[in-house]
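# Structural description and commentary
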Amino acid sequence: MIYINGTASISPQPTLKKEEFLTEIREYRANMLQCIEPDYHEFLHPNALRRLNRIIKLGWAGAKLCLDDAQLKVPDSICVGTGKGCFKSTEIFLLSLDDNKEQFIPPSPFIQSAHGSIAAQIAIQTGCKDYNMTYAHRSFSFESALIDALMLLKEGKYTNVLLGGVDEIEETQFKTFERAGHYKEPEVNNLQLPETKSAGTIAGEGSAFFLLENQPNNNTYAAVKSVHTFSNPPDASSVRQQIFYFLEQGNLAVKDIDLIILGLNGDVQFDPVYADLSGTIFKEQPQAYYKHLCGEYHTSTAFALWLAANIMRRKEIPDAIRLNDRPPDKLRNILIYNQYRNVNHSLTLITGAG
Amino acid sequence: MTEERNKVFITGMGIISSLGAGVQANLNRLLEGETGVGPIRNLETRLRDELMAGEISYTDNELAEISKIQDLRGISRGALLGVIAAKEAMKNADFSDPAVRTGIISGTTAEAMTNIERYLQDFLNNDRKNEYIESQDWGFSTEIIARETGINGYMTTINTACSSAANAIMTGTRMIEHGLLDRVLAGGTDALSKVMLNGFNALMIVDTEISKPFDRNRRGLNIGEGAAYLVIESERVAQKENILCEISGYGNSNEAYHLTALSPDGEGTAQAMNNALEKSRLQVGDIDYINAHGTGSENSDLSEALGLANVFGENPPPFSSTKPFTGHTLGSAGALEAVFSILALQNNLIFPNLNFKDCMDGVAVSPATEMIRNKQISHVLSNSFGFGGNNTSLIFSKVRL
């Protein structure tokens, strides 16, 4: 088993202080939820602070908060998932190309436009010179990084992996994908997301990190048992089959799932698969949801894993994420199921550390 | 994982580059010593008159025809290139057995650029180009390749800049070693883009002539485009007659130095090579040829040469960069160069490092400058280094059946 021995999350909710776990919930009346950011002066030298783009700062701050939680200075290896990476810097660079007719272009946005810059900055800040990987595949980005991290720890070369899921939303991307029908119009209240019954969702962002190790310690939150991804299932019944198969692989049945965390996002076109699961195989299980808190983004499952890890440690489910009122009799296994627009589907199984 | 490792074989390969479409076309041009770098004809850019590139001669429409893709909605040039290379790689493989768990892992760094640089103003101002909105994303080409080849298992995309495809091959190999997959289509695709051309040009690391890797007077790189994919399989499912070589080692390291530069002492590049050697359990003397990263840029070549000297001593095995042939194809370079490394193994060849004249100051290693034929090549090491200090080395070994 692989243990979560440290974690941190920067999100649109007040999640920076680890002692408070969703005790205060932020309500938004905008369809683009952005992070409550820390004071980056605590994380970066003033020169770096001025130079670096926002997502690199979000990534490093999330990583540093996680390392602090794990009381570690230098991780052995780094795996990051980020769907959109530093796309904002590419856009800035591209707009300056258009404005200046491809002449006398300042290179600084280009320097920071590579996806790998987020993991690279963490390597620079910590001096971690070993394994460093960045996955960028839509809603599989974080899952791919997690699968890699699990392999790394099994290989035995590294004692720990710093794993992160980082994405940002900004005006240009929001407008563009709103045009493509990904986001709701007009504005909705995030806390009423499941009741909106309209097409599209709300955009979000976040930076969540985990320190994974082969051994538990006195800061262990939970253990990650397994991860599975699948694409383009033809119908809800094949999603159920995938879930049965996944649980079977872990010698579990649906009744062993003490909490299912669903990635429903209020999009009337794509939420029915979640409703199917809530109403059928997981009908008797406690259910939760989370995208009303963080919005929809490619690596939102990193926020969901942070939730699951904290729920497991505290043995309590915050009211703000409950989808039904069935109380769990125990909290031994938590399953996260997410999909985006019925293309990338993922299952992550978390279990108690004891 | 430490005991007997599951062997991983390459059983198919496909490529499209400025040297041509297909493995044979690429080999022919390499043997003729003829570069694919030349004037820019397809990409619309002001830099067309100033810079050369390793541009593929086919237009998007021609590529669409070659790829035989029916559904071209929202398509990108990178996806077209990727599908062409992937189909060639898979031509010998039987993908019909559902019991063989098959995945796709692709590396790309410019995938989202080619359509956004054409249509961003439309995206912001009108509904005319909405079909292209979802292609401004790195997973796009991977999903199109999966769709067109019928791969419906594990799928992911790696973006670690210029080491993306090498990392995709490494990750695919590891997933097979772990028993998570039986077969992986691994490689990468990147099309020429205005963003990358201008970006590297703004950093002043683009040579206006054909690049001169490892030469004292090198002035930078040429940007190229291309795609290459390998079919990699576990020992259990690989058909003997399809085996091209074994992937015997891989290593990854990070410089922890700078977002766009390599450490000047070569420590990071050496670590990637050492990690790969350690994994393969080969000795430095076993390596017969090194396909270097060798972009032709001031910083990267020096760091790589120092890394080579550090790992292999003052007389490293013959090495060369094939980038003066193809240009630097960025996210797909590691896959193109994997194909060239396999060609070196198959044909007992060492490709020349074009345009090299004088050794660099400070490090006395020099690349092979002539085609070397009929030298027994058993193990080839291939280097790929990327922005963010991300270094990856792969080792390909001949299989004697």
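Since the structure is predicted, the reported quantities are computational estimates derived from the model, not experimental observations. (Residues numbered from 1 in each chain as written. Chains lettered and ligands numbered in written order. Predicted model: local features only at pLDDT ≥ 70, side-chain atom pairs only at ≥ 80, totals over all residues.)

Regarding its fold elements, chain A presents eleven helices and ten strands. Against the compact-globule benchmark of 20 Å for 354 residues, chain A has a radius of gyration of 20 Å, which places it among compact chains. Oriented by its inertia axes, the alpha-carbon framework of chain A measures out at about 65 × 50 × 35 Å. Within chain A, the fraction of its 354 residues that count as buried is 57%. Considering only intrachain contacts with a sequence separation of at least 6, the fraction spanning at least 24 residues in chain A is 79%. (Helix = DSSP H or I, 4+ residues; strand = E, 2+ residues; numbered from the N terminus. Rg over C-alpha atoms; globule rule 2.2 N^0.38 Å. Buried ≥ 20, exposed ≤ 12 C-beta atoms within 10 Å, placed from the backbone. Contact = placed C-beta atoms within 7 Å.)

Moving on, we come to unusual backbone geometry. Note that the residue after Glu185(A), namely Pro186(A), is joined by a cis bond; omega there is -5 degrees. For Pro186(A), the location among the structural elements is in the loop between α7 (171-179) and β5 (206-213). Located in the positive-phi region is Phe214(B), a residue other than glycine, with phi close to 70 degrees. Structurally, the position occupied by Phe214(B) is in the loop between α7 (194-202) and β8 (223-224).

What follows is about the packing of helix α3 (residues 87-99) of chain A against α7(B). Running from N to C, α3(A) and α7(B) point in directions that differ by 85 degrees, and their axes come no closer than 10 Å. The pairing of α3(A) with α7(B) is recorded here as roughly perpendicular in orientation. Every residue of α7(B) that contacts α3(A) at Thr90(A), Phe93(A), Leu94(A) and Leu97(A) is listed here: Lys194(B), Val195(B), Asn198(B) and Gly199(B). In terms of residue class, the contact of α3(A) with α7(B) is built from four nonpolar, three polar and one charged. (Axes fitted to C-alpha atoms, helices over the stretch in contact; angles between N-to-C directions. Parallel < 35°, antiparallel > 145°, perpendicular 65-115°, else oblique. Nonpolar A, V, L, I, M, F, W, Y, C, P; charged D, E, K, R; others polar.)

Now for the sheet that holds β8(B). Residue and element names in this part refer to chain B. Spatial ordering of the open sheet is given by β3-β4-β8, a layout of three strands whose pairing is mixed. Because the sheet does not close on itself, it has two edges, and the strands there are β3 (38-39) and β8. As defined by bridge partners, β3 adjoins strand β4 (residues 52-54) across two bridges and the pair is classed as antiparallel. The residue bridging Gly38 from the neighbouring strand is Ala53, located in β4. (Pairing = 2+ DSSP bridges.)

Below, the discussion takes up the domain arrangement of chain A. A common measure of how large an interface is: the accessible area buried when the components associate. All names here are of chain A. For chain A, the domain assignment lists domain 1 (2-213) and domain 2 (223-351). Look at where the C-alpha atoms of domain 1 and domain 2 centre, and you get two points 22 Å apart. In this complex, domain 1 contributes 47 residues to the contact, which on the side of domain 2 involves 35 residues. Mapped onto the side of domain 1 that touches domain 2, the elements with two or more residues apiece are β1 (2-10), α6 (141-155), β4 (160-167) and β5. With six residues, α6 is the largest single contributor of residues to the side of domain 1 that touches domain 2. Along the lines of polarity and charge, the residues of the side of domain 1 that touches domain 2 split into 23 nonpolar, 18 polar and six charged. (Domains from an automatic or database assignment.)

Our focus in this paragraph is the nonpolar core. Counting residues in hydrophobic clusters, the biggest one holds 240 residues, and the most contacted among them are Ile261(A), Ala308(A), Leu230(B) and Val339(B). Those residues in contact with Leu230(B) that lie beyond four places of it in its chain are Ile10(B), Gly12(B), Met13(B), Ala89(B), Ile169(B), Ala186(B), Gly187(B), Ala335(B) and Ala338(B). (Core = buried A, V, L, I, M, F, W, Y, C linked by C-beta atoms within 7 Å.)

Moving on, we come to the domain arrangement of chain B. Residue and element names in this part refer to chain B. Assigned domains within chain B: domain 1 (8-242) and domain 2 (249-397). Using only C-alpha atoms to locate each centre, domain 1 and domain 2 end up separated by 21 Å. With 59 residues of domain 1 at the contact, the number on the domain 2 side is 53 residues. No other element matches the seven residues that helix α6 (residues 164-177) contributes to the side of domain 1 that touches domain 2. Residue classes in the side of domain 1 that touches domain 2 are distributed as 28 nonpolar, 24 polar and seven charged.

This part takes up helix α4 (residues 113-125) of chain B. Residues spaced three or four apart along an α-helix point in a common direction, a consequence of the helix completing one turn every 3.6 residues. Taking 1.5 Å per residue, 13 residues should reach 18 Å; α4(B) reaches 18 Å between its end C-alpha atoms and fits that length. Listed in full, the buried residues belonging to α4(B) are Met113(B), Thr114(B), Asn115(B), Ile116(B), Glu117(B), Tyr119(B), Leu120(B) and Phe123(B). Next to the buried residues of α4(B) lie α3 and α7 of chain A together with α3 (77-89) and α7 of chain B. (Expected span 1.5 Å × (residues − 1).)

What follows covers the environment of Asn26(B). All names here are of chain B. Checked against the element boundaries, Asn26 lands in helix α1 (residues 23-32). The sequence separation of Asn26 and Gly36 amounts to ten residues, and the corresponding C-alpha distance is 9.6 Å. Asn26 has contacts with Ile15, Ser17, Leu19 and Gly20, leaving out every residue within four places of it along the chain.

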